[in-house]
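Read off the chains here:
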Protein chains: 2
Amino acid sequence: MLSVGIMSGTSLDGIDVALCEILGSGTDTSVRLIEFDTYDLPQAIQEKVRQCAANEFIRPADLSSLNFELGELFADGVKQICQKAGIETTELDFVASHGQTIYHHPFPNNEYVANTMQLGESGVIAARCGCTVISDFRVIDVALGGQGAPLVPYSEYVLYADKNKSRGLQNLGGIGNITIVPNTMDSNDIVAFDTGPANMMIDSAMKYYFQKNYDKGGESALSGEFIPQLQAELKGHPYLKLPIPKSTGREMFGDDYVASILERYKSSKAEDVVATLTWFTAYCISYHYYEYVEKIHTLDELIISGGGSHNKAIRKYLSELMPEVSILVQEDIGFNSDAKEAIAFIILANETFHKQPSNVPSATGASKPAILGKIQYAP
Amino acid sequence: MLSVGIMSGTSLDGIDVALCEILGSGTDTSVRLIEFDTYDLPQAIQEKVRQCAANEFIRPADLSSLNFELGELFADGVKQICQKAGIETTELDFVASHGQTIYHHPFPNNEYVANTMQLGESGVIAARCGCTVISDFRVIDVALGGQGAPLVPYSEYVLYADKNKSRGLQNLGGIGNITIVPNTMDSNDIVAFDTGPANMMIDSAMKYYFQKNYDKGGESALSGEFIPQLQAELKGHPYLKLPIPKSTGREMFGDDYVASILERYKSSKAEDVVATLTWFTAYCISYHYYEYVEKIHTLDELIISGGGSHNKAIRKYLSELMPEVSILVQEDIGFNSDAKEAIAFIILANETFHKQPSNVPSATGASKPAILGKIQYAP
């Protein structure tokens, strides 16, 4: 079957679009990447999404219109990748669209019930592309008491399980998330959780200091020195102490939090702050490994992916902090780092297509397995 | 197949829940109503929905949480109707959930693209009830340039087409909508549009004057006299002049509009204002019939349904304004007025289940037929 996967993460660094051939289902799935590209999210849309993530006051019409606008953007992505590959969008068996997370709050509090919302109207994508669209993967997991995240573990189990190696799959998007696929080959043994910020805090600081979207190659970080006082402060972040599985987002590590740090360290060198925030990304990963994971599964490999896998500083700090684990990138084992998440949603949608569950309750905390996503047929 | 349909309209007068047995599809559909009930929408939820419909500033978390809260409410409705009928929710083949319209703006303007949003998370309903849920019927029609409304015409064609009679099906919810099912037995001849306010303005005035949710039986209206100046003003409402098909909502005839009228007629008797607003509901229907419909199809019967069909004043004024058309209620032809819309969405979801389109492009203005709704499987 031909399928396009679309992923636009919390870091807002673009719309990842993967065109794949996918055959079989479950552990018999085989996926072949045909084309991949990343398309820009227009500045105006980024602004609206940031406003929502910061839970600023908006009008319902803003949100409803944004849902349709994002749908058009995602449809454009599908059209572009198909054009690149020389196929018609109507030849696709399905599109798997993660959507743009607008709000994710899987824990109830005094004011709200547990909730999550991804926008990017699948009806628009189906109308423009003339093919079935599967979207809204997280809601039913949240409805079942889960955190609606991480969802990639199932796809990682399908793609990376190896009886000779225990592997950690570390994605470095806005937020970092890891899946431990142990050599036991049993999906019940999967451990997965968000490790904390990956690029989010670094990007926020880069924007503030250098009006850049991110620290290309980790150059700024590599030219700076760690600030011990900031390191100590970050080590005390309450997220680290929460038991796994757990998930987090822009609510905890977004612009507000970074702004408060930059304000307090305004006498420090910009490169030093960036270096320390970059170190924190690596520290979060190593902290969680030694504190929670190593007792259950000893990792042979940590395979990093996502935008942050291009950041040489993160890789350097990881190698220093976890010396006995091989730090690899997807390409080292024949995969495409950037396409990984978009492919993951193709794998999840493929299960939905086959009416099979694909959340991993041990990773999300859901009370039971669920068939993820909603199916919108082509008109 | 066993199915539950859930409808909660813009008038916010309760959640209509119908349990039906449905067999076949298309013109071979047969539907039998097993149970019907209406459940209250809690005041706090009503307040939130009104805030959204008035496009007041809210936080994204309010909307995302409301989506999940409404899902719980709808799931409760499904559970209650099943309990009443002595069946398990897991025995249902599917639930058809219209959702609560939060915002409906099918025309693009300077600020927004065409959009519509119904909330009541289907993932929550599927999780609680353990059955497949079909929801979000309007979006793809709007994505195809349609107005996403009215959607009931297809179900009315299935249920009411009669080669001996041209029938008008007039629903009186918050907004009034009519479907003309002509005796030609051809779905392409269907004419359908929103006639304007039905209960919305009356309810708003009743709340203001009498702290009541609606004018029970039309008693207040029947004890009042029409105010000629207000009649003249209402006759000039710009909605009347728009060509059919067309749709409207709380944005045009909601509390703000009514408040401006009540302010200007504050020296008038409350009953007289209510009588005139009630007359306007009937006038809108007759105006559209004589102005647009009669030239194409001469009606034998106008069959009214929805909350407003219990309002004797509306029925009286309709008989006076349209003397040569028989004004009937659903019960006169063996149907249940209150259950009509909930049943309609069962019929639409049944088509989705069979991968068949069920919008009527001549009614919505969509560029083509579409399979409506999104399918969320049970966990």
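Residues numbered from 1 in each chain as written. Chains lettered and ligands numbered in written order. Predicted model: local features only at pLDDT ≥ 70, side-chain atom pairs only at ≥ 80, totals over all residues. Heavy atoms only, no water.

Across its full length, chain A holds 15 helices and 12 strands. Taken against the 2.2 N^0.38 rule, which gives 21 Å for 379 residues, the C-alpha radius of gyration of chain A at 20 Å falls within 12% of a compact globule. For chain A, the C-alpha atoms occupy an extent of roughly 60 × 50 × 45 Å along the three principal directions. Every one of the 379 residues in chain A was classed for burial, and the buried ones make up 63%. (Helix = DSSP H or I, 4+ residues; strand = E, 2+ residues; numbered from the N terminus. Rg over C-alpha atoms; globule rule 2.2 N^0.38 Å. Buried < 20%, exposed > 50% of the residue type's maximum accessible area, 1.4 Å probe, protein only.)

Time to look at the sheet that holds strand E10 (residues 301–305) of chain A. Residues and elements named next belong to chain A. Sheet architecture is open: 5 strands sit in the order E9-E8-E7-E10-E11, paired in mixed fashion. Because the sheet does not close on itself, it has two edges, and the strands there are strand E9 (191–197) and strand E11 (326–329). Averaged over all pairs of adjacent strands, the angle between strand axes in this sheet comes to 25°, irrespective of strand direction. Bridge count for strand E7 (residues 167–172) against E10 is 5 bridges, and the pairing is parallel. Within the sheet, the bridge partner assigned to Gln170 lies in E10 and is Ile304. (Pairing = 2+ DSSP bridges. Axes fitted to C-alpha atoms, helices over the stretch in contact; angles between N-to-C directions.)

Residue and element names in this part refer to chain A. Per the UniProt record, "binding site: ATP" (unreviewed entry) is annotated on Gly9, Thr10, Ser11, Leu12, Asp13, Gly14, Ile15 and Asp16. Among the structural elements, Ser11 can be located in the loop between strand E1 (2–8) and strand E2 (15–23). We classify Ser11 as buried; its relative accessible area is 15%. With sequence-adjacent residues up to four places away left out, Ser11 is seen in contact with Gly173, Gly174, Asp203 and Arg250. (UniProt positions renumbered as here; feature names shortened; annotations may be inferred. Contact = heavy atoms within 4.5 Å.)

Moving on: the relation of the copies chain B and chain A. When chain B is brought onto chain A, the operation consists of a screw motion whose angular component is 180° and whose axial shift is 0.0 Å, with 0.1 Å RMSD remaining. Taken together, the rotation and translation describe the operation of a two-fold axis. Minimal C-alpha distance to the rotation axis in chain B is attained by Ile375(B), lying at 2.4 Å. Both copies present the same face, since 100% of the interface residues in chain B are matched by interface residues at the equivalent positions in chain A. (Least-squares fit on C-alpha atoms with pLDDT ≥ 70 in both.)

Okay, the nonpolar core next. By size, the foremost hydrophobic cluster in this structure holds 148 residues, and its most contacted members are Val4(A), Leu92(A) and Val4(B). In contact with Val4(B), not counting residues within four places along its chain, are Val17(B), Ala18(B), Leu19(B), Val78(B), Ile81(B), Cys82(B), Leu92(B), Phe94(B), Val95(B), Ala96(B) and Ile346(B). In terms of nonpolar packing, the next biggest core, distinct from the first, is built from 51 residues, Tyr265(B), Leu277(B), Tyr292(B) and Leu318(B) among them. (Core = buried A, V, L, I, M, F, W, Y, C linked by side-chain atoms within 4.5 Å.)

Residue and element names in this part refer to chain A. Contact geometry of helix H5 (residues 152–160) with helix H14 (residues 340–353) gives a least axis separation of 9 Å together with a crossing angle of 95°. In terms of their interaxial angle, H5 and H14 are classed as roughly perpendicular. Contacts between H5 and H14 involve Val152, Tyr154, Ser155, Glu156, Val158, Leu159 and Tyr160 on the former and, on the latter, Lys340, Glu341, Ala344, Ile347, Leu348 and Glu351. Partitioned by chemical class, the residues of the contact of H5 with H14 number 8 nonpolar, 1 polar and 4 charged. (Parallel < 35°, antiparallel > 145°, perpendicular 65-115°, else oblique. Nonpolar A, V, L, I, M, F, W, Y, C, P; charged D, E, K, R; others polar.)

A word on the side chain of Ser358(B). Mapped onto the fold, Ser358(B) is located in the loop between helix H14 (340–353) and helix H15 (361–364). Aside from chain neighbours lying at most four places away, what touches Ser358(B) is Tyr154(B), Leu348(B), Glu351(B), Ala370(B) and Leu372(B).

This part covers the pairing of E7(A). All names here are of chain A. In terms of residue burial, E7 counts as a mostly covered element, since 6 of its 6 residues are buried. Both faces of E7 are covered, namely the face carrying Arg167, Leu169 and Asn171 and the face carrying Gly168, Gln170 and Leu172. Summarising the sheet, E7 and strand E8 (residues 175–181) pair through 6 bridges and their orientation is antiparallel. Of the residues in E8, the one forming a bridge with Leu169 is Thr179. The antiparallel pairing of E7 with E8 creates a hairpin that spans 2 residues between the two strands.

Below, the discussion takes up unusual backbone geometry. Residue and element names in this part refer to chain A. That bond from Ile244 to Pro245 is cis: its omega, -5°, falls within 30 degrees of zero. Following the sequence through the fold, Pro245 ends up in the loop between helix H9 (238–241) and helix H10 (250–253). One non-glycine residue, Lys355, lies in the positive phi region at around 55°. The exposure class of Lys355 is partly exposed, given its relative accessible area of 48%.

Another point: the domain arrangement of chain A. All names here are of chain A. Once the domains are mapped, chain A shows domain 1 (2–148 + 337–376) and domain 2 (166–299). Placing a centre on the C-alpha atoms of domain 1 and another on those of domain 2 gives a separation of 24 Å. In this assembly, 13 residues from domain 1 lie in contact with 18 residues from domain 2. When the two sides are added together, the surface that domain 1 and domain 2 hide from each other amounts to roughly 1300 Å², 44% of it contributed by carbon and sulfur. In this structure, the connection of domain 1 to domain 2 is made through 0 salt bridges. Counting the contacts that link domain 1 with domain 2 gives 5 residue pairs in polar contact (both at pLDDT 80 or more). (Domains from an automatic or database assignment. Buried area = accessible area lost by both parts, 1.4 Å probe. Salt bridge = Lys/Arg side-chain N within 4 Å of Asp/Glu carboxyl O. Polar contact = N/O pair within 3.5 Å; in protein donor to acceptor, adjacent residues only side chain to side chain.)

Moving on: H5(A). The α-helix advances 3.6 residues per turn, and as a result positions three or four apart in sequence lie on the same side. All names here are of chain A. H5 sits mainly inside the fold: 8 of its 9 residues count as buried. Among the residues of H5, Val152, Pro153, Tyr154, Ser155, Glu156, Tyr157, Val158 and Tyr160 are the ones counted as buried. For H5, the secondary structure elements touched by its buried residues are E7, E8, E9, H14 and helix H15 (361–364).

Moving on, we get to the packing of helix H12 (residues 270–293) of chain A against helix H13 (residues 312–321) of chain A. Residues and elements named next belong to chain A. Their axes nearest at 9 Å, the elements H12 and H13 cross at an angle of 40°. Of the possible angle classes, the one that applies to H12 and H13 is oblique. Between H12 and H13 the crossing geometry is right-handed. Of the residues in H13, those touching H12 at Ala275, Thr278, Trp279, Thr281, Ala282, Tyr283, Ile285, Ser286 and Tyr290 are Ala313, Ile314, Tyr317, Leu318 and Leu321. Of the residues contributing to the contact of H12 with H13, the split by class is 11 nonpolar, 3 polar and no charged. (Left-handed = near helix turned anticlockwise from the far one by under 90°.)

For the rest of this paragraph, the subject is the packing of aromatic side chains. Taken as a whole and assessed by the stated rule, the structure comprises 28 aromatic pairs over all chains. Here the aromatic rings of Tyr283(B) and Tyr287(B) are separated by 5.9 Å at their centres, their planes lie at 35°, and the arrangement is tilted. Taken together, the positions of Tyr283(B) and Tyr287(B), both in helix H12 (residues 270–293) and 4 residues apart, correspond to about one turn of that helix. For the pair Tyr283(B) and Tyr287(B), a shared accessibility class is recorded, and that class is buried. An aromatic cluster of at least three residues, connected via ring pairs, comprises Phe226(A), Trp279(A), Phe280(A), Tyr283(A), Tyr287(A), Tyr292(A) and Tyr317(A). (Phe/Tyr/Trp six-rings, centres within 6.5 Å; stacked < 30°, edge-to-face > 60°.)

What follows deals with the confidence of the model for chain A. Per-residue confidence for chain A gives a mean pLDDT of 95; residues scoring 70 or more make up 100%. Across the predicted assembly, pTM comes out at 0.83 and ipTM at 0.82. (pLDDT = per-residue confidence, 0-100.)

This brings us to the sheet that holds strand E7 (residues 167–172) of chain B. Residues and elements named next belong to chain B. Spatially, the 5 strands line up as an open sheet ordered E9-E8-E7-E10-E11, and their pairing is mixed. Single-partner strands in this sheet number two, and they are strand E9 (191–197) and strand E11 (326–329). On average, each strand axis in the sheet is tilted by 25° relative to the strand beside it, whichever way the strands run. Here H12 sits on the sheet and contacts E7, strand E8 (175–181), E9 and strand E10 (301–305); the angle it forms with E9, its principal contact strand, is near 145°.

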